[in-house]
There are 2 protein chains.
Amino acid sequence: MPTSFACFMKPVLHGYFRSSCSWRVRIAFALKGIEYDQEPVNLVKDGGQQLTEQYKTVNPMQQVPAVTIDGITLSQSLAIIQYIDETRPRPPFLPADLQQRAQVRMISDLIASGIQPLQNIYVIQKVGEEKVQWAQHFINKGFKALESILKQTSGTYCVGNEISMADICLVPQVYNAERFKVDLDQYPTIKRINQTLMELEAFKISHPSCQPDTPDDLRA
Amino acid sequence: MPTSFACFMKPVLHGYFRSSCSWRVRIAFALKGIEYDQEPVNLVKDGGQQLTEQYKTVNPMQQVPAVTIDGITLSQSLAIIQYIDETRPRPPFLPADLQQRAQVRMISDLIASGIQPLQNIYVIQKVGEEKVQWAQHFINKGFKALESILKQTSGTYCVGNEISMADICLVPQVYNAERFKVDLDQYPTIKRINQTLMELEAFKISHPSCQPDTPDDLRA
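An unreviewed UniProt entry annotates chain A as Maleylacetoacetate isomerase of Tachysurus vachellii. Turning to chain A, the UniProt annotation filed under Cofactor (unreviewed entry) states: "glutathione". UniProt, in its Subcellular location (unreviewed entry) section for chain A, records the words "Cytoplasm".

Structure follows, in structure tokens:
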């Protein structure tokens, strides 16, 4: 850890149980075995708690997740995950091989830039009535490409046989796809890897159905 | 370089002069002093050359940029840029300090996941008539947050006094903002850093106004 006080302060995740980007960070903490506190930000209640002036000081983008760690506050889930990985290297989230690292980042960015932003709550609210078709369109477009890429790169997991940042992105995106009723049978590789990952403790304990802010009627 | 044949083969950029994500990669090559060939993909002509079956084998996501380098083909501009950085480390695109690295990635992802995907050609085409207001809305939302973050992190450039991946993302996003007539005077820090960067050779030679596929009427 980079600074001495880090030993005394647990990281704080400002997140929302159902946010797929918050789930990415929860998986990352779980895989590394890092204890952290959660500070829930309800994206729906009171018109969206992320829109308060107080939360704006945590993340000027007024989105979740944000993480306070080692004396700084970071937003953007992949930046957070790579910071965690660079400061707490075991087990690694990126392979040692440079071309495989690039593939992990390519898959992560395909999801984080190519799919998720187009079906997140801010965009869906702006789209209005056609929101389900809109989300399905962009998830299917992304999943078609992802399925084709994973056929080349995957072993047990997204890239080879080690869990990576790509897997951390995959599972929450599949969860979103299911919420928007995307037919996953079209994507057998995505479906297989997701099922394999969901057997693992780190993915189970971080699931939206069992967080401190999960409403009772959505609890597993 | 990771493989011996890389010495004989120049990287190939599949891009489009006006694509901001393609420009990011052109800046990266220019900053590293890497010679490369361009294989233009016209996103407008013939209904979009990125939609052909041939291009789908280059990038299943049917977007630009894609880069063929060292025997592999990569898509997603930040994955490409970090691959270039990890295989050709000088000058570095990420600071050595781990917290500054996280800030560079946070700013890069704010642009690459938080702004650009919401105003790119695929989305704008789907939005239809209200496309200018839509793009302005999401660029302004992102730039408000970015301005606030840059006030904390910037020196001469986005993070401190060294050029980083964040700067590579900033300049093409400002170019997009100008195309959509966003008032940049609201964002003095963004405007200042952009102006400073645009004085540099690597940003000038990679500009959309002077690429092999730039139409004559848009040439500088």
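(A) The nonpolar core, seen in detail. Among the nonpolar cores identified, the biggest contains 124 residues, and F143 of chain A together with F143 of chain B are the most heavily contacted of them. If sequence neighbours within four positions are ignored, F143 of chain A has contacts with I115, Q173, V174, A177, L184, Y187 and I190 of chain A.

(B) Broad picture of the pairing of strand β3 (residues 66-69) of chain B. Residues and elements named next belong to chain B. Summarising the sheet, strand β1 (residues 12-15) and β3 pair through three bridges and their orientation is antiparallel. Bridge assignment links L13 to a residue of β3, and that residue is V67. Where β3 meets strand β4 (residues 72-75), four bridges bridge the pair, whose relative direction is antiparallel. Within β4, the residue paired with A66 across the bridge is S75.

(C) Seen up close, the environment of Y175 of chain B. Residues and elements named next belong to chain B. Within the secondary structure layout, Y175 lies in helix α7 (residues 165-179). Classification of Y175 by relative accessible area gives buried; the value is 16%. Expressed as a C-alpha distance, the spacing of Y175 and A202, which sit 27 residues apart in the sequence, is 15 Å. Not counting residues within four places of it along the chain, the set of residues in contact with Y175 comprises R18, W23, H207 and P208.

(D) Representation of the sheet that holds strand β2 (residues 37-40) of chain A in the model. All names here are of chain A. Judged by pairing direction, the sheet is mixed, and its four strands sit side by side in the order β2-β1-β3-β4 without closing on themselves. This sheet does not close on itself; its edge strands, each paired only once, are β2 and β4 (72-75). Each strand axis lies, on average, 20° off the axis of its neighbour in the sheet, ignoring direction. In this structure, strand β1 (residues 12-15) lies alongside β2, joined through four bridges in parallel fashion. Across the sheet, the residue bridging to G15 is P40, located in β2. Running at roughly 155° to β1, helix α1 (residues 20-32) makes contact with β1, β2 and β3 (66-69) of the sheet.

What counts, and at which threshold
- Residues numbered from 1 in each chain as written.
- Chains lettered and ligands numbered in written order.
- Predicted model: local features only at pLDDT ≥ 70, side-chain atom pairs only at ≥ 80, totals over all residues.
- Heavy atoms only, no water.
- UniProt positions renumbered as here; feature names shortened; annotations may be inferred.
- Core = buried A, V, L, I, M, F, W, Y, C linked by side-chain atoms within 4.5 Å.
- Buried < 20%, exposed > 50% of the residue type's maximum accessible area, 1.4 Å probe, protein only.
- Contact = heavy atoms within 4.5 Å.
- Pairing = 2+ DSSP bridges.
- Helix = DSSP H or I, 4+ residues; strand = E, 2+ residues; numbered from the N terminus.
- Axes fitted to C-alpha atoms, helices over the stretch in contact; angles between N-to-C directions.

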